[in-house]
Amino acid sequence: MFYDTASNAHGMAHDPFKAIVAPRPIGWIGTKGRDGSQNLSPYSFFNAVGDHPKMVMFSSSGRKDSLRNAEETGVFTTSFVSRSLLMQMSQSSAAVPYGTDEFALAGLTAMDGRVVDAPYVAEAVAVLECRVTMVTTLPDIEGAATDSHAVFGQVMGIHIDERVISNGRFDLALADPILRAGYMDYAGISPLIELARPRVSGRG
Ligand SMILES: Cc1cc2nc3c(=O)[nH]c(=O)nc-3n(C[C@H](O)[C@H](O)[C@H](O)COP(=O)(O)O)c2cc1C
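Attention in this report is confined to the structure presented alongside it.

Scoring rules and cut-offs
- Residues numbered from 1 in each chain as written.
- Predicted model: local features only at pLDDT ≥ 70, side-chain atom pairs only at ≥ 80, totals over all residues.
- Heavy atoms only, no water.
- Helix = DSSP H or I, 4+ residues; strand = E, 2+ residues; numbered from the N terminus.
- 1 Å grid on protein atoms, 1.4 Å probe; cavity = no way out; pocket = protein on both sides within 12 Å on 5 of 7 lines; lining within 4 Å.
- Points joined across faces, edges and corners; volume = space filled by probe spheres on them.
- Nonpolar A, V, L, I, M, F, W, Y, C, P; charged D, E, K, R; others polar.
- Near = heavy atom within 4 Å.
- Polar contact = N/O pair within 3.5 Å; in protein donor to acceptor, adjacent residues only side chain to side chain.
- Areas by Shrake-Rupley, 256 points an atom, 1.4 Å probe, with all protein chains shown as cover.
- Sits in = over half its atoms within 2 Å of the grid points.
- Phe/Tyr/Trp six-rings, centres within 6.5 Å; stacked < 30°, edge-to-face > 60°.
- Buried < 20%, exposed > 50% of the residue type's maximum accessible area, 1.4 Å probe, protein only.
- Lys NZ or Arg CZ within 6 Å of the ring centre and 35° of its normal.

## Brief notes about the environment of Phe17
Then step 1. Within the secondary structure, Phe17 is located in helix 1 (residues 17–20).
Then step 2. With 165 residues separating them along the chain, Phe17 and Gly182 place their C-alpha atoms 7.9 Å apart.

## Describing the layout of surface pockets
Then step 1. By volume, the largest pocket amounts to about 780 Å³.
Then step 2. Listing elements by their share of the lining of the largest pocket, those giving two or more residues are helix 1, strand 2 (38–43), strand 4 (54–61), helix 2 (65–73) and helix 3 (86–91).
Then step 3. Here the second largest pocket defines a volume of roughly 490 Å³.
Then step 4. In this structure, the second largest pocket is lined by 26 residues; those nearest its centre are Pro25, Phe46, Thr78, Phe80 and Leu128.
Then step 5. Of all the secondary-structure elements, those providing two or more residues to the lining of the second largest pocket are strand 3 (46–51), strand 4, strand 5 (75–79), strand 8 (126–139) and strand 9 (145–160).
Then step 6. Element by element, the count of residues in the lining of the second largest pocket is highest for strand 3, at 4 residues.
Then step 7. Along the lines of polarity and charge, the residues of the lining of the second largest pocket split into 20 nonpolar, 5 polar and 1 charged.

## Considerations on the site of the ligand
Then step 1. As a matter of local geometry, the ligand sits amid 19 residues, with Ser41, Tyr43, Phe45, Ser61 and Ser66 nearest to it.
Then step 2. At a separation of 2.9 Å, an oxygen atom of the ligand approaches a polar backbone atom of Pro42.
Then step 3. Ser66 places a polar side-chain atom, nitrogen or oxygen, 2.6 Å from an oxygen atom of the ligand.
Then step 4. Contact with the protein chains removes 87% of the 640 Å² of surface that the ligand exposes when unbound.
Then step 5. Put simply, the ligand lies in the largest pocket.
Then step 6. Those elements giving two or more residues to the shell around the ligand turn out to be strand 2, strand 4 and helix 2.

## Notes on the packing of aromatic side chains
Then step 1. Inspection of the entire model under this criterion finds 3 aromatic pairs.
Then step 2. Ring centres of Phe58 and Phe76 lie 5.2 Å apart, and the angle between their planes is 80 degrees; on these two criteria the pair is classed as edge-to-face. Here the residue Phe58 occupies a position in strand 4, and Phe76 occupies one in strand 5, the gap between them amounting to 18 residues.
Then step 3. Taking the relative accessible area as the measure of exposure, Phe76 reaches 0% and is therefore buried.
Then step 4. Site record: aromatic cluster; members linked through ring pairs are Tyr43, Phe58 and Phe76.
Then step 5. The positively charged end of Arg68 is found above the aromatic ring belonging to Tyr98, 3.6 Å away from the centroid.
Then step 6. Across the ring face of Tyr186, the terminal group of Arg180 is positioned such that the distance to the ring centre comes to 4.7 Å.

Following this line, the structure appears as structure tokens:
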């Protein structure tokens, strides 16, 4: 089958787009408002987008509280979602009024960042502390503003729980991430496949 996205006539009960671009990592975004309120919400429009310096991005569909806070304070954290934190992560996605502390709502411990003034999930096995470098409203092909707002951040500091380091590596099997699939689905990781990139002589 084929469908054009202008009509979006895929003929299925639910739009398959997010099931195709899947599974996606979940950035569990911790922020503070200018008023000092704490906020925690999951974002699967999230990824690493650079490594020198280390950069991540999350995108808000509509102007949500994490976007507002990141704009207000210029910082955010991202906490790693392990399988053991799936229910708490889901609870923290509830559409609650601005200022509601989703750390408390989900029964999680909020810790203040070491280098940024934003909270993170103490129970998470890895955390990135980030400073906002750019917030941009994504334009469509006509150049018109959409209601998707991407927040880019430079990673200033990284926490790793010693219990998920083995043989000198961040052990993803031990960290046991939960990833976002399409619809209401989540995925875990099955045994990792180790494969080196092909080497071409004269190129890095
Ligand atoms: C696993 C998961 C991933 C999500 N990813 C996104 C996302 O990428 N962008 C978005 O706008 N909302 C996403 N949501 C919905 C937000 O988490 C939800 O709207 C939340 O209430 C936003 O909170 P905030 O207003 O405190 O930022 C996701 C929800 C879940 C459960």
